[in-house]
Amino acid sequence: LHKLGVERWRLSAIDGTDPGCYRRLMRSSDSVAQEALALPVRERAALVLHLAESLDEDFDADTESAWANEVVERLGAVARGEANTCDAAQALADARAHVARCRG
């Protein structure tokens, strides 16, 4: 992430004794967000995934890999014309009907 959240600032002098010392200064989340928003779309998407994964305490790389493979397989089936598909309106209608049947 090329140190999005941390910059080094050279201090001219903290107390006058060591003008060459360095200190880390955390930038605000707004500042980091502004810099992130300037990234190209693909890099922003990768950053979003990275941040989301950092929030997931139960992240399992093997499971994520398996799901990624499943997505690729399903997209391939659609592209080959082997998948049964429907539009969003039909999918929502089917889901609502299923929920209604389950509620009795």
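1. A look at the overall build of the chain
Of the regular secondary structure elements, the chain holds 4 helices and 2 strands. Listing the helices and strands of the chain from first to last along the sequence gives β-β-α-α-α-α. A separation threshold of at least 6 residues defines the contact pool for the chain, and within that pool the share at least 24 residues apart is 18%. Summing over all exposed atoms, the chain offers an accessible surface of approximately 9100 Å²; the carbon and sulfur share of this is 56%.

2. What to know about the confidence of the model for the chain
Of all residues in the chain, 74% attain a pLDDT of 70 or more, and the chain-wide mean is 79. The least confident element of the chain is strand E1 (residues 6-10), whose mean pLDDT is 40; the most confident is helix H4 (residues 88-103), at 95. The low-confidence segment residues 1-24 (pLDDT under 50) makes 35 contacts with residues lying over four places distant or belonging to another chain.

3. Digging into the pattern of salt bridges
With the rule as written, the count across this model stands at 3 salt bridges. Between Glu-73 and Arg-80 there is a salt bridge, and its shortest N-O distance comes to 3.2 Å. Its relative accessible area of 45% is what places Glu-73 among the partly exposed residues. Its relative accessible area of 47% is what places Arg-80 among the partly exposed residues. Residues Arg-80 and Glu-82 are paired through a salt bridge, measuring 3.1 Å at the closest nitrogen-oxygen approach. Judged by relative accessible area, which is 54%, Glu-82 ranks as exposed. One salt-bridge network, held together by shared partners, links Glu-73, Arg-80 and Glu-82.

4. With respect to H4
Counted at 1.5 Å a residue, the expected span for H4 with its 16 residues is 22 Å, and the 22 Å between its end C-alpha atoms agrees. Two residues or fewer past H4, Gly-104 is found with a positive phi of approximately 75°.

Cut-offs and rules
Residues numbered from 1 in each chain as written. Predicted model: local features only at pLDDT ≥ 70, side-chain atom pairs only at ≥ 80, totals over all residues. Heavy atoms only, no water. Helix = DSSP H or I, 4+ residues; strand = E, 2+ residues; numbered from the N terminus. Contact = heavy atoms within 4.5 Å. Areas by Shrake-Rupley, 256 points an atom, 1.4 Å probe, with all protein chains shown as cover. pLDDT = per-residue confidence, 0-100. Salt bridge = Lys/Arg side-chain N within 4 Å of Asp/Glu carboxyl O. Buried < 20%, exposed > 50% of the residue type's maximum accessible area, 1.4 Å probe, protein only. Expected span 1.5 Å × (residues − 1).

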